[in-house]
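Structural overview
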Amino acid sequence: MSDDTGPEPDVDGFVDYCHTQAGLLSGHVETMRAEADDLLAEIDDEMAELRGRLEDHTEPVDGPAAPSTPDGPGDLDLEALEDLEDEVTEKQLLVEAKQARMQAFQDLAVAYTELAGELRSTVDDAEEALARVVEFEADHDAPAYFEERETIVETVADATDEPDS
């Protein structure tokens, strides 16, 4: 695995790489958590608005009961309420999807950390460490989690696809 890009990697380099990947994944989780919190705050606001509209409509009025007329000033706008309810439902689904994605990122971060520990304690050869990282990333579909960064499995795949010069 020699080229003109620098010194040969060693096992510690692969351990550091695994820790870096785990850290990046954890950072993504924090970003997603903030986004989910924002969505939850929006849901809370919209639910409060829904409750407020319903409470305004159900407050008792002093005086004799009169038949309600359609389109009267006190009538409830059911279409607007349904639209708001649909928005709340859509945001709840987004939060659930974010939570599932956060869990997947957390699980992969833990797996990278465990791999780093295994490499440090059981691997002495850089080639074996490389093989273990490549296998790990392929098994866990790691490239799908790193849009802005190339994983080792992608680098190896690109290197094997290039014709020798």
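All figures in this text were calculated on a predicted structure; none of them were measured in a lab.

Looking now at the packing of helix α2 (residues 78-122) against helix α3 (residues 126-139). Relative orientation of the contacting elements α2 and α3 amounts to 160°, with a least axis distance of 11 Å. In terms of orientation, α2 and α3 fall into the roughly antiparallel class. The crossing of α2 and α3 is right-handed. On α3, the residues that touch L108, A111, Y112, L115, E118, L119 and T122 of α2 are A129, R132, V133, F136 and E137. For the contact of α2 with α3, the per-class residue count stands at 8 nonpolar, 1 polar and 3 charged.

The terminal C-alpha atoms of α3 lie 20 Å apart, and with 14 residues this matches the ideal 20 Å at 1.5 Å per residue to within 8%. Of all the positions in α3, only A129, L130, V133, V134, F136 and E137 are classed as buried. All buried residues of α3 lie within an arc of 165° about the axis, which places them on one face of the element. The opening residue of α3, the one whose side-chain oxygen lies 3.3 Å from the backbone nitrogen of E127, is D125. Positive backbone phi, at 50°, marks D141, one or two positions downstream of α3.

In total, this model carries 5 salt bridges according to the counting rule given. Between K91 and E46 there is a salt bridge, with its nearest N and O atoms 2.8 Å apart. Of this pair, K91 sits in helix α2 while E46 sits in helix α1 (residues 11-58), and the two are 45 residues apart along the sequence. Accessibility assignment for this pair places K91 and E46 in one class, buried. Among the salt bridges present, the one from R132 reaches E118, with a minimum N-O distance of 2.9 Å. Of this pair, R132 sits in helix α3 while E118 sits in helix α2, and the two are 14 residues apart along the sequence. One network of salt bridges, in which partners are shared, links E42, E46 and K91.

Reading guide: rules and limits
Residues numbered from 1 in each chain as written. Predicted model: local features only at pLDDT ≥ 70, side-chain atom pairs only at ≥ 80, totals over all residues. Heavy atoms only, no water. Axes fitted to C-alpha atoms, helices over the stretch in contact; angles between N-to-C directions. Helix = DSSP H or I, 4+ residues; strand = E, 2+ residues; numbered from the N terminus. Parallel < 35°, antiparallel > 145°, perpendicular 65-115°, else oblique. Left-handed = near helix turned anticlockwise from the far one by under 90°. Contact = heavy atoms within 4.5 Å. Nonpolar A, V, L, I, M, F, W, Y, C, P; charged D, E, K, R; others polar. Expected span 1.5 Å × (residues − 1). Buried < 20%, exposed > 50% of the residue type's maximum accessible area, 1.4 Å probe, protein only. Arc of directions from axis to C-beta. Polar contact = N/O pair within 3.5 Å; in protein donor to acceptor, adjacent residues only side chain to side chain. Salt bridge = Lys/Arg side-chain N within 4 Å of Asp/Glu carboxyl O.

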